[in-house]
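Inside the fold
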Amino acid sequence: MVDFQQTKDFFHIPDGFTYLCGNSLGPLPRDLPATLASQLSAEWGEMIIGGWNNAGWMSLSAIIGNKIGRFIGAPKDSTIMGDTLSIKIFQALGAALKLNPKRKIILTDNSNFPSDIYISKGLAAFLNQGYKVKLVNPEEIIKEMNDQVATMLLTEVDYKTGARLDMVELTTKAKSEGIVTIWDLAHSVGAVPVNVQQADIDFAVGCTYKYLNGGPGSPAFIYTNPKLLTQIQSPITGWLGHANPFQFSLDYEPASTINRLIIGTPPVIGLSVLDFALGIWEGISVEDVHDKSMQLSEMFIEGIKSHCPTIKVISPENPVDRGSHVALEHPEGYALVKFLIENSVICDFREPDNIRFGIAPLYNDSADINRAVEVLAMALEYQPWKYELYQSRNFVT
Ligand SMILES: *Cc1c(COP(=O)(O)O)cnc(C)c1O
């Protein structure tokens, strides 16, 4: 059994905070600043440019890609780090369209994250070859799969409601229709068990600053099915995706390995931070974390039902149909979130009326759940929306 009390001590949670936003940004690992400071001094400080060879900076994207592999069931050397998720979405989409050149539809759902939708539409417009984005209700995805669809871009766990799509079922159906599949695992990695091989998906992408605690803007990952590797054409052909980057040839020749999905210089500092944060997972399985998350989320929903009966839970009832956050709905959601934050219960708001509570068992426990329920009950009684202070909006919600 994992001792979650011990993993909580690995993190710095500011005094008095009940931190329930790990689905948006994981907290700082306590010993990270000191370790990173000495690592930076020893590598960047003392080696300067020699760090590329002597500190192994060039291999970090692949080494950490393999560490991410274990969270998503990916085989060795099929996952690589770099850039941010939005760019990896663009890259996977562009490559997917090239793999299915006769078809013109990108299928996604209307509860997908804005970047996923905007990038799909932006790429279709940029290509200017008749590509169309088909946005459908999540329940209608299967019905919309047909021989016109080139690729399907879905996010496994809905960023608003926490609802979890059936990756195996949807992928199996899509494959039977000849559709190239891309899964966005932003809210899955480190939260729910994922197995890209079981589902035999084509591409997976995700960020690492949510449940993997890689810090603000930490590097994203991209996985590709090894069967496709040598056929993939990345729409962004940067020098480090080349088979021999240091030949500085005038002709682009893609690497025959997962390196072909590297674009440019690896974000060494971000990768080092992420590497440290991933160390916390040694000896801990995503299954253990997910079991605990389901237990805590059930406790939270029970608490809401008994102490805050006027507020609606919009996440699915069955815990296996959810990711690791629970969403509530209230017409005055923004004012309620402001009140909660002012009382040190850190959660967040998504338009138009959605309140999200991220549950990350590495550092959240039953005391956090009880505190969140208690302050929410207080808020509902206080009715903060009646006061100007709780109405005015910040830029980041
Ligand atoms: C968090 C998230 C993103 C964010 O992309 P960035 O490029 O890291 O800003 C994209 N898609 C989904 C589904 C997300 O949950």
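To keep things clear, this report deals only with the structure shown in the data block. (Residues numbered from 1 in each chain as written. Predicted model: local features only at pLDDT ≥ 70, side-chain atom pairs only at ≥ 80, totals over all residues. Heavy atoms only, no water.)

Our next topic: the site of the ligand. Around the ligand, the neighbouring residues are T84, L85, S86, F113, D116, T155, D184, A186, H187, Y209 and K210. Between the ligand and Y209 there is a distance of 2.5 Å, counted from an oxygen atom to a side-chain nitrogen or oxygen. Interatomic distance of 2.5 Å between a side-chain N/O atom of K210 and an oxygen atom of the ligand. A majority-of-atoms criterion places the ligand in the largest pocket. Of the residues belonging to the shell around the ligand, the class tally is four nonpolar, four polar and three charged. (Near = heavy atom within 4 Å. Polar contact = N/O pair within 3.5 Å; in protein donor to acceptor, adjacent residues only side chain to side chain. 1 Å grid on protein atoms, 1.4 Å probe; cavity = no way out; pocket = protein on both sides within 12 Å on 5 of 7 lines; lining within 4 Å. Sits in = over half its atoms within 2 Å of the grid points. Nonpolar A, V, L, I, M, F, W, Y, C, P; charged D, E, K, R; others polar.)

Let us look at helix α12 (residues 366-382). With 17 residues, α12 should cover 24 Å at 1.5 Å per step; its first-to-last C-alpha distance of 24 Å lies within 8% of that length. Of all the positions in α12, only D368, I369, A372, V373, V375, L376, A379 and L380 are classed as buried. (Helix = DSSP H or I, 4+ residues; strand = E, 2+ residues; numbered from the N terminus. Expected span 1.5 Å × (residues − 1). Buried < 20%, exposed > 50% of the residue type's maximum accessible area, 1.4 Å probe, protein only.)

A word on the layout of surface pockets. Estimates place the volume of the largest pocket at around 660 Å³. For the largest pocket, the lining is made up of 32 residues, of which S24, D348, R350, R356 and T397 are closest to its centre. Residue assignment for the lining of the largest pocket shows that the elements contributing at least two residues are α5 (85-99), α6 (114-127), α11 (333-342) and β14 (348-350). When residues in the lining of the largest pocket are grouped by element, the largest group, four residues, is from α11. A per-class count over the lining of the largest pocket returns 16 nonpolar, eight polar and eight charged. Taken as a whole, the second largest pocket encloses approximately 290 Å³ of empty space. What lines the second largest pocket is a set of 15 residues, and nearest its centre among them are G94, L97, K98, L127 and Y131. Counting residues per element, the lining of the second largest pocket draws most heavily on α5, at five residues. Looking at side-chain class alone, the lining of the second largest pocket contains nine nonpolar, four polar and two charged residues. (Points joined across faces, edges and corners; volume = space filled by probe spheres on them.)

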